[in-house]
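# Understanding the architecture of this molecule
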Amino acid sequence: MSRLNLAILISGRGTNMDQILRATTSEDYPARARLVLSNREDAAGLEAARAFGVATETVPHTDYEDRQSFERAMHEALTRHEIEIIALAGFMRVLTPWFVEKWAGRMVNIHPSLLPDYPGLNTHARALQAGDSEAGCTVHWVSEGVDEGDIIRQARVPVKSGDTPATLANRVLEAEHRLYPQALAEACRYIIARQAS
Ligand code: GAR
């Protein structure tokens with residue numbers, strides 16, 4: 001079976017990364033984890049990735065004078081590792097059209113809301129403020145507009161009375177952990193089928 005070389009980009013604790021890494025240990029999974037890349041040297045997920053035996057790289061955005069030189073450095077690392085698909089997993093830098101174009105159709109993201117509702121930050125507080133009865137998460141292709149790309153899959157969770165942004169975030173995060181490996185596999189199969197045709 002064909003398997004794509006996967007890079008996971010993180011900025012923090014990397015719990016979604018962890019779930020994806022576990023999924024890739026199955027021979028049936030349509031991607032192999034080749035690289036975990038972070039823009040932050042202190043991202044806790046880097047340690048977890050190393051413990052998993054996956055190559056890691058850090059490209060600190062603070063080392064570069066502008067976004068494009070930062071992204072060129074990331075692009076160089078991704079190319080060096082022969083990456084074929086990127087999963088953004090809590091990667092908290094907005095990407096420029098230059099980078100998005102380079103990886104068009106080969107980069108997916110997870111966002112903690114039911115897009116198109118609540119793109120950007122503070123999604124759970126905004127859902128509670130609006131009195132929503134449901135919340136959730138979305139895996140989507142990355143396009144130029146932030147959190148605007150085509151949706152691959154979503155998962156829904158109830159909002160419960162007494163929820164705070166933190167309790168809702170935990171419930172949504174559990175749904176993210178189930179959703180992301182499946183939705184990423186779907187994206188990989190789509191790319192593999194496209195390459196074969
Ligand atoms: C996740 O909830 C993810 O959806 C969110 O950051 C968290 C990362 O957690 N991403 C965004 O808000 C992207 N705009 P993790 O590091 O434990 O996977």
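Residues numbered from 1 in each chain as written. Predicted model: local features only at pLDDT ≥ 70, side-chain atom pairs only at ≥ 80, totals over all residues. Heavy atoms only, no water.

This paragraph deals with the packing of aromatic side chains. Under the counting rule described, the total for this entry stands at three aromatic pairs. Look at Tyr64 and Phe70: their rings are 6.3 Å apart centre to centre, the planes differ by 50°, and that puts the pair in the tilted class. For the ring pair Trp141 and Tyr190, a centre distance of 5.9 Å and an interplane angle of 55° mean the geometry is tilted. Pair noted here: Trp141 is in strand E6 (residues 134-141) and Tyr190 is in helix H6 (residues 165-196), with a separation of 49 residues, a long-range link. (Phe/Tyr/Trp six-rings, centres within 6.5 Å; stacked < 30°, edge-to-face > 60°. Helix = DSSP H or I, 4+ residues; strand = E, 2+ residues; numbered from the N terminus.)

On to the nonpolar core. Core analysis: the biggest nonpolar cluster contains 42 residues, and Ile8, Val108, Tyr180 and Leu184 have the highest contact counts within it. Tallying contributions element by element places H6 first for this core, with 12 residues. Each residue touching Val108, except ones within four places of it in the same chain, is listed here: Ile86, Ala87, Leu88, Val139, His140, Trp141, Val142, Ile152, Tyr180, Leu184 and Ala187. Residues Ala7, Leu88, Val100 and Trp103 belong to the second largest nonpolar core, which totals 21 residues. (Core = buried A, V, L, I, M, F, W, Y, C linked by side-chain atoms within 4.5 Å. Buried < 20%, exposed > 50% of the residue type's maximum accessible area, 1.4 Å probe, protein only. Contact = heavy atoms within 4.5 Å.)

What follows is about the environment of Glu176. By the secondary structure assignment, Glu176 is in helix H6. Relative accessible area serves as the criterion here: at 7%, Glu176 is assigned to the buried category. In this structure the C-alpha to C-alpha distance between Glu176 and Glu84, which are 92 residues apart in sequence, comes to 23 Å. Setting aside its immediate chain neighbours within four residues, Glu176 contacts Asn16, Ile110, Pro112, Cys137 and Pro181. A polar side-chain atom of Glu176 sits 3.0 Å from a polar atom in the side chain of Asn16. (Polar contact = N/O pair within 3.5 Å; in protein donor to acceptor, adjacent residues only side chain to side chain.)

So, on to the packing of helix H1 (residues 15-24) against helix H2 (residues 44-52). Close contact between H1 and H2 brings their axes to 10 Å; oriented N to C, the two are set at 15°. Viewed along their axes, H1 and H2 adopt a mutual orientation that is roughly parallel. In this structure, the crossing between H1 and H2 has a hand that is right-handed. Residues Met17, Asp18, Leu21 and Arg22 of H1 lie in contact with H2, whose contacting residues are Gly45, Ala48, Ala49 and Phe52. (Axes fitted to C-alpha atoms, helices over the stretch in contact; angles between N-to-C directions. Parallel < 35°, antiparallel > 145°, perpendicular 65-115°, else oblique. Left-handed = near helix turned anticlockwise from the far one by under 90°.)

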